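Spelled out, the chains give:
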Amino acid sequence: MRILSLDHGTRRIGVAVSDELKIIATPLEYIPAEPMEKVIERLQQLIREKEVELILIGMPRNMDGTHGPASQTVQNFIAALQPHITTPMKTWDERLTSVMANRALLEGNVRRNQRKQKVDKMAAAILLQSYLDSLG
């Protein structure tokens, strides 16, 4: 069984998955954030295909640890998923994951137009890796 992580954004949702031993996070894809029906359909497919036992969802926080407006957007996203997805969901602090993903892509000399395509799934992988590291 694997863990699927989601980095929710207004335009795209980054997706990453763990290996079966829950040691390594791998960027998978991004899903357009709209329409919600397509998001749910794709997540249901991924849950089946990857044999997912937990969905880890990035929870944005302010640098002081408080929850801001973006946190409410993620809570609304989770509430929209819950009637359709029975797999357990858990939130995880995602502070600076997008910054770290952008930095890694810049250091890897990834072109600007390609960075937009990759940053969301990279952020999801960074989020998931921090969770996996906390398990060990």
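The following refers to the structure shown. All values derive from a computational prediction rather than experimental measurement. (Residues numbered from 1 in each chain as written. Predicted model: local features only at pLDDT ≥ 70, side-chain atom pairs only at ≥ 80, totals over all residues. Heavy atoms only, no water.)

Focus: the nonpolar core
Part 1 of the reasoning: Judged by nonpolar contacts, the single largest core of 22 residues is most densely connected at L4, L6, L43 and L81.
Part 2 of the reasoning: Among the elements of the structure, β1 (2–8), β2 (12–18), α1 (36–50), β4 (52–59) and α2 (69–81) are those that each provide at least two residues to this core.
Part 3 of the reasoning: Per-element tally for this core: the top contributor is α1, with six residues.
Part 4 of the reasoning: Non-local contacts of L81, meaning those with residues more than four positions away in its chain, are made with M36, I40, L43, I57 and M89.
Part 5 of the reasoning: A124, L127, L128 and L132 belong to the second largest nonpolar core, which has eleven residues in total. (Core = buried A, V, L, I, M, F, W, Y, C linked by side-chain atoms within 4.5 Å. Buried < 20%, exposed > 50% of the residue type's maximum accessible area, 1.4 Å probe, protein only. Helix = DSSP H or I, 4+ residues; strand = E, 2+ residues; numbered from the N terminus. Contact = heavy atoms within 4.5 Å.)

Regarding the layout of surface pockets
Part 1 of the reasoning: Empty space within the largest pocket amounts to approximately 300 Å³.
Part 2 of the reasoning: If you go around the largest pocket, you meet 16 residues; those closest to its centre are D7, S98, N102, V119 and D120.
Part 3 of the reasoning: Where the lining of the largest pocket is concerned, the elements lending two or more residues are β1, α2, α3 (97–107) and α4 (112–135).
Part 4 of the reasoning: Looking at the lining of the largest pocket element by element, the count peaks at five residues for α4.
Part 5 of the reasoning: The residue inventory of the lining of the largest pocket, partitioned by class, reads four nonpolar, six polar and six charged. (1 Å grid on protein atoms, 1.4 Å probe; cavity = no way out; pocket = protein on both sides within 12 Å on 5 of 7 lines; lining within 4 Å. Points joined across faces, edges and corners; volume = space filled by probe spheres on them. Nonpolar A, V, L, I, M, F, W, Y, C, P; charged D, E, K, R; others polar.)

Nothing here speaks to function; it is geometry throughout.
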